[in-house]
Structure formats: C-alpha cells, structure tokens
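# Examining the three-dimensional arrangement
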Amino acid sequence: MTQTVDKPSKAINEAVGKPIDRVDGRLKVTGAAQYSAEIPVENPAYAVTIGSKIARGQITSIDTREAEKSPGVLGILTHLNLPKLHPMPTFTGNGSAAENRLPLQDETIHHSGQHIAVVIADTLERAKYAASLIGVDYTAETPLTEMEKERDRSFGKGYFGKPPEVIRGNPTEGLAKAEVRIEETYTTPTEHHNPMEPHATTAVWEGDRLTVYDATQFNFGVQQALASVLGIPAENVRVVCQFIGGAFGGKGMVWPHVPLAAIAARQVKRPVKLVLTREQMFTSVGHRAETEQQVILGATRDGHLTAIVHKGISHTSAFDDFVEPFTIATHIMYACPNLQAEQRLVRLNKGTPTFMRAPGETPGMYALESALDELAYAVKLDPIELRLRNHADTDPDTNLPWSSKSLKESYRLGAEKFGWSRRNPEPGSMRDGRYLIGMGMASATYPTLRMPAAAKARILQDGTALVQSASHEMGTGTATIMTQIAADALGIPVEKVRFELGDTKLPRAPVSGGSMTAASVGTAVKGATQAVRAKVLELVRTDTRSPLHNIPETDLATAEGRIFAKSDPGKGETYEAVLKRHNLQEVEESFNAQVSQEKKFSSHAFGAQFAEVRVDPDFGEVRVTRFTGAYGVGRVLNLKTARSQMIGGIVMGIGMALLEETITDTLTGRIINPNLAEYHVPVSADIPAIEAYFVEENDPHVNPIGAKGVGEIGITGVAAAVANAIYHATGKRIRDLPITPDKLL
Ligand code: MOS
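Below, the structure is looked at part by part. (Residues numbered from 1 in each chain as written. Predicted model: local features only at pLDDT ≥ 70, side-chain atom pairs only at ≥ 80, totals over all residues. Heavy atoms only, no water.)

## Overview of the packing of aromatic side chains
Counted by the stated rule, this structure contains twelve aromatic pairs. Aromatic pair Tyr159 and Phe160: ring centres 5.5 Å apart, planes at 85°, arrangement edge-to-face. Tyr159 sits in the buried class, given a relative accessible area of 8%. Seen from their ring centres, Phe322 and Phe355 are 5.1 Å apart, and the 80° between their planes marks the pair as edge-to-face. With a gap of 33 residues between them, Phe322 in the loop between β15 (305–316) and β16 (339–347) and Phe355 in the loop between β16 and α7 (361–378) connect regions that are remote in the sequence. By relative accessible area, which is 11% here, Phe322 ends up buried. What links up through ring pairs into an aromatic cluster is the set Phe91, Phe322 and Phe355. In this structure, Arg101 is placed above the aromatic ring of Phe319, and the distance from its NZ or CZ to the ring centre is 6.0 Å. Geometry around Tyr727 places Arg733 over its ring, the cationic atom sitting 4.1 Å from the centre. (Phe/Tyr/Trp six-rings, centres within 6.5 Å; stacked < 30°, edge-to-face > 60°. Buried < 20%, exposed > 50% of the residue type's maximum accessible area, 1.4 Å probe, protein only. Helix = DSSP H or I, 4+ residues; strand = E, 2+ residues; numbered from the N terminus. Lys NZ or Arg CZ within 6 Å of the ring centre and 35° of its normal.)

## A word on the nonpolar core
Counting 84 residues, the largest nonpolar core has Leu297, Leu375, Val613, Phe627, Val633, Leu658 and Val722 as the members making the most contacts within it. Setting aside residues no more than four positions away along its own chain, Val633 makes contact with Ala605, Met646, Phe694, Glu697, Ala707, Lys708, Gly709, Val710 and Ile713. (Core = buried A, V, L, I, M, F, W, Y, C linked by side-chain atoms within 4.5 Å. Contact = heavy atoms within 4.5 Å.)

## Regarding the packing of helix α13 (residues 639–658) against helix α15 (residues 718–730)
Any two packed helices are characterised by the angle at which their axes cross and by the distance between the axes. Look at α13 against α15: their axes get within 8 Å of each other, and the N-to-C directions meet at 50°. Compared by their axis directions, α13 and α15 come out oblique. For the element pair α13 and α15, the recorded crossing hand is right-handed. The segment α13 lies against α15, with Gly649, Ile650, Gly653, Ile654, Met656, Ala657 and Leu658 engaging Val718, Ala719, Val722 and Ile726. Residue classes in the contact of α13 with α15 are distributed as nine nonpolar, two polar and no charged. (Axes fitted to C-alpha atoms, helices over the stretch in contact; angles between N-to-C directions. Parallel < 35°, antiparallel > 145°, perpendicular 65-115°, else oblique. Left-handed = near helix turned anticlockwise from the far one by under 90°. Nonpolar A, V, L, I, M, F, W, Y, C, P; charged D, E, K, R; others polar.)

## Topic: the side chain of Gln217
Its location among the elements puts Gln217 in the loop between β11 (209–214) and α5 (219–230). Reaching out from Gln217, the side chain makes a polar contact with the backbone nitrogen of Gly249 at a distance of 3.1 Å. Contacts of Gln217, omitting those with residues within four sequence positions, involve Ile244, Ala247, Phe248, Gly249, Gly250, Lys251, Gly252, His472, Met474, Val511, Ser512 and Gly513. (Polar contact = N/O pair within 3.5 Å; in protein donor to acceptor, adjacent residues only side chain to side chain.)

## Looking at unusual backbone geometry
Residue Leu737 is joined to Pro738 through a cis peptide bond whose omega torsion reads -10°. Residue position: Pro738 is located in the loop between α15 and α16 (741–744). Look at Phe248: it is not a glycine, yet its phi comes out positive at around 60°. Tracing the backbone shows Phe248 in the loop between β12 (237–240) and α6 (257–268). Of note in this structure, Asn550 is not a glycine but carries a positive phi near 70°. Within the secondary structure, Asn550 sits in the loop between α11 (517–541) and β22 (556–559).

Scope: geometric values only; no functional claims are made or implied.
Here is the structure:
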C-alpha cells in the first residue's frame, strides 16, 4: 500500500512534517539576510587575486612595480614575498583543505587560473586596476588537458576506504554464464557548481585573533584549516557564516583564497574582503570531474543480472588525488552476486576536482541506469520490471538488512503519478504532431550518513526557546527543520523557537554535506531540547507550589507551551509560569550526539524518477516536458523544504542531461566558457512541471530523527531518466553528456 505524506501530520501540535514556510524566508526575500561578502566591517580593504594565464610551467618573473604605485594600493602578495605557510591537511588526510598544495609558495604553475598574486587596495576598483598592471613572464610547457589521451597513464585509486578495485563473487564466470550482454562506455563532462553566491571571505584581525566571514558548508573545517596554515591555535579563529547562496559541495572544503584573504588582512592591518569572480569560480574552487565509464552487464534471458562490471577513469589535478566515485551506487543498487568495480585517475593540468551534489552517484547512476535501460530493451522487459527482478532485498555490498527501503513503492507511486502505463514501449512510436515523445525512467539512491554533532537549548522566562548549533543554512531549510524539531521536543509553537547557526562559537556541528545535516544536527537539537524539557518537568514534579506536584513523569505532557497531566489535561501550567515562580531567567542544557560505529543495518534512501521528453526530429532540440519523482526518505521533516530539495535536484539533473559542460581549450588548458552566458545552467524556460512525492516510510533504525536526508538523492537518476526518454523518443542512445542537439542529428 502506498501513501503520500501530503497531508499534515495527524497530531495537531506536531510541527515536524508540516510544510511550514522557511523561518529565514522573509530575511532572504527582503534582502536583509547578509552573506559573507556583505558583512559590514569597519574600514574594509578589498583584495583581488590574479590567476595564471598558462596551465603548466613556471613563472620566470613577476613585476609588481607599476601596480605598487597605483592609487589606493595597500599591498601585493606573490610567491616572492608571501611568508612560508604551514601545511593544511586535506579531506583525504582528515583535514578540511580542498587542495594539498599551498597557494603562492613557489613559481610552479599546475593549471590555468591558479592564484599567483593578491592585490589589496582601498576600493575594489583600484585593486582590480592595479592587478591589471602586474606583468608576469612564464616558461610554458604543453599542458595535459585531454583525459582520453592520458588514459595509459591512469592509476588506480580507491575512495572512502574502498580499494581501487573491488571484486564480489566471480564476475568473469558471471559474464560467461550470461545469455545477454550489454557492454557500453558512457562519458560525462566536467561540470561546475555555479551557486548564485560566489565564494567570498571577509577576514578581520583583532590582535592575534582572526574572525572570518566565509561562504562555507564547513565552518569548523575553515577554522581548522586556517589555524593549521597560519600556525595559530584554533580557538583564535572564529568562522561565521549565517547564510549561503548555494553551495552544492563546492563550499564543503577550504579553497586557497580563504587563507589568502586572512594573510592579506594581516599584511595590510585592515579587514579584507575577497570575492571570487564568476570566472574564478571555474578555476579556483573545484568542479565535478570528467568521467569515462565502462559498464558491462551480463544477464539471463529473463533479465536476472549475472554480472556487473563498472570501471573507468576520472581526472584529477597535477597535485591531488580526488576520485569522482562513480562506482559508489553500483555496489548496492541491484542484487547480483558478481561485481567488478574499479576507479582510476588521470592527472591533468586542471584544478583539483571536488564534491558536487551526490558525488559519484550522479555520473555513476547515469551510466548504470542507462545500461539497465539498454538491457531492458535487449531482454524485452519493461524497465521497471527489469529493476524489480533485480531488486536487492538486502545490501549486496555488506549483506546487512536495510534499515528500511521503499524502492518498490517508489516505482509504483512514481509510475502511477507519471502515467507510465500510457507508454508504448516501442522507441519512436509516440508522437505529438511533428514531435517525437519519449518516456524514460531510472532509479535514484543516496546513502544515509550521520556524524557527531552538538547543540545547546534554552527555554527562557518568556516561554520562548533559543536553540544553537554551529550548522549552516545553505538554502536547504536547515534552520526551519531544526526549529520544528525543537518545537516538538519542547511542546511549544514553532513561532516561539529561535534557532541560531553558522558560527564556530556555537556547539560543534559537522560539514553540511553528504545529506546528513538533518540526521546529525537534528539528533543533537532533539537531545538538547528534550533535556531542557526533562529539567523543567523535574522542577514542577518536585515543587509543592506546582499544580503538577508529584504527578508521575509518565503522566506529564507538553503542548502549546504548557505542561499538563495527560490524565487530567486541565491540570497544568506554562513554561513561563514555572520559570517565573522559580525566578529563573532560563533553563539550559547541552547535548552531544555521538554516532555508534556498530552497524546492524544498511541505510540508504531510494527513489524512482520519470522523464517525458519532446524531441524535434529536424533540429534535435530536446525539451523535458514533465518530470516525476517518488522517494522513500524516511521521515519527511518539512514537506515544503523537502520537496524543494527534490525539485532543485531535478533541475540540476536536467542541466546535467541537456546543457552543462565545462570546455577546456586543449592547447592552452584554459576554460573557454567560464561564465553563465556560455556555461548553460537551466533557466525557468528549460524546466517543466516537476512533481515530487514521498512514500510513507517509517524507519525506526536509521537515526533518532528517522530522516534519511534529501539534499542529494534528487539529482541521482535524472540524467539517465532523460537519456532513456530520449532513446525512447528517437531510438538514439546517447552515451555522452550533455545531450545537445548535434548529437541527435
Ligand atoms: Mo554535498 S556534494 O556532500 O555538499
């Protein structure tokens, strides 16, 4: 039985689940929300960085004399005068820096746009003008820019503790047994996150203490990286980030401009603002790496998989080993005893790649789910039926039971809402006038992760609550769902809860990545608010002046800001009354939510995604005309923000399927479309009616919040669903993204 959770939750006072408006919505639409570049500071100076014009070689000379004399210039930093920096450990070394290599430490150039100088002036315009006066000479070498040309030099590299190659069962035997075999190569290009808000850092020193307002998904990571690189104690670094204008993983790690801003501010003894240009957002803060993936599926004639081989290459920089883990979902997606998964890296003269919304799953599911579609035609099965025949009833990677899984229900609900039964399976058979119509589907998945987090909660004498945790609001709705969780735990209305985040002065929260903020920070918020409630309940039970004196705790309930006896709801008093009588300004508790290492269950969110396309047979133009997704994501904490996450993931996936591609000039190694005019992200006219549904899924095992996270799963099946719909419309299988009109003619 399938139910959607469109209805508000039954319990009248329960805030969790309700589609309430964002608590920060008004601040955002009125422009009152302040982003990192806008934070008012006294007497700011402005820093700009200049980037290398070559992609590989050496700086032979850098002439700053003209620039130094330019009006308003306060300082210029190059590798010739920047102090030697201490190392910043990277993600792979348990640190938070995105790049292993420190900025401005030597004359070697590894990629176009690499920061080679910082100019600080009293206005932004003067800084930019002075930067234009700097003369740089290089000896250039031929850059490595084409992944396929360097394939022979690839090397195996694992990810997240996995070795480069994983073998399950006997894939060779499995392929030998296969009656049907699909063997294809799928390629995805370099893509850039392109959040609306550029990366920006405002750095302020007071003595030996540094405050940084930074556009980041990981304020404690910035603190750690800055303390490391500057060689100062972490407690001397405060990182503040109240609002983020989009991040998608690009702001998860610390990029070199952040320490450069801090060093610049120390150098000129003034607060410094450093904002990357849109062009620099293409060279200096990561991207999704290009992939070339081979998928081999062996199956019986009735569609049971006998082997899955998924292997290939992605690029990394000359100095870091960043893996785009495209095989990640293949390990768990389908029941198949025989698997070979292998990841290899190719070094290119490009910046270091990074996490981008569902890193690994997104390009990987494009390949795997396209191959499944090809297999469905080969064995003449409906694509959903093929997937049902290979449904993994337990986690094939760990053999653990799922904490919950609603993939079958998602196929059913998605198919019903989309109208999948109207699809004629024959490619090219559906038309609307001169247009070809196609319907395609794919599975979606993302693991449920959680990290330790802490929170502090206070109930104040006026009956309102203040809850704090140093998490981030990057547009996902974190502040809103934390408010809802706190309101329910305390039994007070959401309007009476204030949630503060985005500051390393607050209790520690993890990186806002991996779709784990709701589970991680939510558990801490629930723990802290429950502890406050328990403390107040204890206060009334033991107080002879309270109408609830001596009532057993099990008979006490809280709702609407009031504590009352369940057996006699008329008997009770408000939080306000309790705190006033005890002459308490506040009752405060903290909570540290630890994560057990013991794993009894495997937890993943699953979903089904359906695309309808209309293809112009003469011009190869593809329009996505409808898109429907259905998902099992555990408890939906806020139907409105959760649905928005799904819609956002689908929009980004449509961009990936049809539009987005970063193009590098093969001779110079320069990115030739580093702007929003030539790197095409979808605009409203590209986006159809999108529907997102949630299957009711009760997961008692996943985490104390019961929520699986919704930030990333929404993109994972989109490109395959669109590509599969295009095949259905045209009979043309495009195995190279984006699917631009030239590929269909
Ligand atoms: Mo996400 S790519 O884990 O910020």
